Amino acid sequence: MVAPPRLERLTVAQAADRYLASVRTETVRGILSPATERSYARDVAELVGLLGPGRVLDDVTGDDVDDALVRYQSGPDGRYADPSRKAAPGRSTATVNRFRQSVTRFFSHAARHCWVQADPMQWASPPAKVRERLRVERTALSASAAQALVATVQDAGRPTSSAAARSDQALAARDRLVVALLIVLGPRVSELARADVADLTREPEETRWRIVGKGGATRTVALSPPLAAALESYLTDLRPRLATRRPDDADAQRALLLSWRGRRLDTQAIRALLARAVSRMPEPYRRPATPHALRHTTATLLVADGWDVKVVAELLGHASIATTGAYLDRIDGELAAAIRTHPLAASLREVSHASAAESPGATAPTPLA
């Protein structure tokens, strides 16, 4: 008979370090994406702080996990902080459930490696099932607001009347490209941040972008002529000048989007770039928006224009059209317009007229008071 493995009493911090080392190994082997690795690392680091780094992992109970989840949910979500607000918005149910999945994976790994006698997640309370309304800054822009945003970034590079140009005008070509890609193609912000110049096929007739999505899945999308022109303007003029600032940085030399200092533009920098563009929009259209909101905007406007949901799902990199359906925000007047243009609406009117013609002695109905 094989003896069961002996319990190894590790502290929460020690267990987290070992677990994240295995996560890094899975990333190198291609099992996990770098974005997933960063998400697990962020969540596990948060868990260590909530449980206490010096505490023995095997002493953690289901009640301790519940308490950590409640404290996590009540904390501010720093990813979507608005500088104009005094405090960042609270974490959504979806964010808390994602954190819970990371915690569940961590304790499953701990149970397999005998760091705990039993997985405490089996005694934790079930996850929240109710999805609250999406934050305003994560919902789709209207067509007029989207056009105002595009017009704003188009005007950003024009000379100002003042003698000293704004500092962001020097990066106007890059900012125009970023906003245009987000609002026309709807990529995930992580997909845009890790895009390399080599992912783009630039031919006289067509420019294509090979997007590396979740789990390493790839999709290829063609750029419209105006979008291809914006890309060409950035690649031939601005990017070469930015790339010379860090000639020894191999990752920067590969990256499509570069910062003023010549480094690869990360997701936080892209969010900040978009926030600056939104702040310059005309007041009637201005409201907080994230790259994910522009992803919603792409889906909503394309479907409203008559494109098949399957095509939109392929553009966004969704494995299921059910996921795309969750991205379609309600458009004012859409339901009424659908009823007015129903395929059988005209037939019903014809039947009504025909019935009236066949009944010459019929009297008009008395209107309701």
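The following refers to the structure shown. (Residues numbered from 1 in each chain as written. Predicted model: local features only at pLDDT ≥ 70, side-chain atom pairs only at ≥ 80, totals over all residues. Heavy atoms only, no water.)

Counting its regular elements, the protein chain contains 15 helices and three strands. Split into buried and exposed, the 369 residues of the protein chain put 39% on the buried side. Considering only contacts within the protein chain whose residues lie at least 6 apart along the sequence, 61% involve residues at least 24 apart. Put simply, the protein chain shows about 21300 Å² of open surface, and 56% of that area lies on carbon and sulfur atoms. (Helix = DSSP H or I, 4+ residues; strand = E, 2+ residues; numbered from the N terminus. Buried < 20%, exposed > 50% of the residue type's maximum accessible area, 1.4 Å probe, protein only. Contact = heavy atoms within 4.5 Å. Areas by Shrake-Rupley, 256 points an atom, 1.4 Å probe, with all protein chains shown as cover.)

Our focus in this paragraph is the environment of V184. With respect to the helices and strands, V184 occurs in helix 6 (residues 172–185). Linking V184 and L301, residues 117 residues apart in sequence, is a C-alpha distance of 9.7 Å. In this structure, V184 is in contact with L227, T298 and L315, ignoring residues within four places of it in sequence.

Right, let's get into the nonpolar core. Counting 49 residues, the largest nonpolar core has L149, W209, L257 and I270 as the members making the most contacts within it. Put simply, the parts of the chain that give this core at least two residues each are helix 5 (143–155), helix 6, helix 7 (189–193), strand 2 (207–212), strand 3 (218–223), helix 8 (225–243), helix 10 (267–279) and helix 11 (291–304). Leaving out residues up to four positions away in the same chain, I270 has contacts with V178, L182, V189, L192, A193, L257, L265 and P291. Among the nonpolar cores identified, the runner-up in size contains 30 residues, and Y19, V23, L50 and F106 belong to it. (Core = buried A, V, L, I, M, F, W, Y, C linked by side-chain atoms within 4.5 Å.)

As summarised here, the arrangement of the three strands in space is 1-2-3, forming an open sheet in which the pairing is antiparallel. The sheet terminates laterally at strand 1 (200–202) and strand 3, the two strands that pair on one side only. On average, each strand axis in the sheet is tilted by 15 degrees relative to the strand beside it, whichever way the strands run. Across six bridges, strand 2 lies against strand 3 in antiparallel orientation. Opposite I211, over in strand 3, you have R219 as the bridge partner. (Pairing = 2+ DSSP bridges. Axes fitted to C-alpha atoms, helices over the stretch in contact; angles between N-to-C directions.)

So, about helix 10. For helix 10, built from 13 residues, the straight-helix expectation of 18 Å at 1.5 Å per residue is met to within 8% by its first-to-last C-alpha distance of 18 Å. In this structure, the buried residues of helix 10 make contact with helix 5, helix 6, helix 7 and helix 11. (Expected span 1.5 Å × (residues − 1).)

Here we take up the pattern of salt bridges. Scanning all chains against the criterion turns up 19 salt bridges. Here E8 and R18 are joined by a salt bridge, their closest N and O atoms 2.9 Å apart. Placement of E8 in the segment before helix 1 (12–28) and of R18 in helix 1 is noted, with a sequence separation of ten residues between them. Taking relative accessible area as the criterion, E8 reaches 32% and is therefore assigned partly exposed. (Salt bridge = Lys/Arg side-chain N within 4 Å of Asp/Glu carboxyl O.)

Below, the discussion takes up the environment of P76. Within the secondary structure layout, P76 lies in the loop between helix 3 (62–74) and helix 4 (93–112). A sequence separation of 16 residues divides P76 from S92, and the C-alpha atoms of the two residues are 9.8 Å apart.

Burial of the side chains of strand 2 is restricted to one face: T207, W209 and I211 are buried, whereas none of R208, R210 and V212 on the reverse face is. Looking at chain direction, strand 1 and strand 2 are connected through three bridges and run antiparallel. Paired with T201 across the two strands is R208, which belongs to strand 2. Hairpin connection, strand 1 to strand 2: the antiparallel pair is bridged by four residues. Between strand 2 and strand 3, which pair antiparallel in sequence order, lie five residues; one of them, G215, sits at a positive phi of approximately 65 degrees.

Residue position: T27 is located in helix 1. Looking at T27, its side chain comes within polar contact range of the side chain of E37, at 3.3 Å. Non-local contacts of T27, meaning those with residues more than four positions away in its chain, are made with L32, S33, P34 and E37. (Polar contact = N/O pair within 3.5 Å; in protein donor to acceptor, adjacent residues only side chain to side chain.)

Another point: the side chain of S102. Assignment of secondary structure puts S102 in helix 4. Residue class for S102 comes out buried when judged on its relative accessible area of 2%.

Moving on to the environment of L57. Within the element layout of this structure, L57 appears in the loop between helix 2 (34–51) and helix 3. Taking C-alpha positions, L57 is 9.6 Å from E8, a pair spaced 49 residues apart along the chain.

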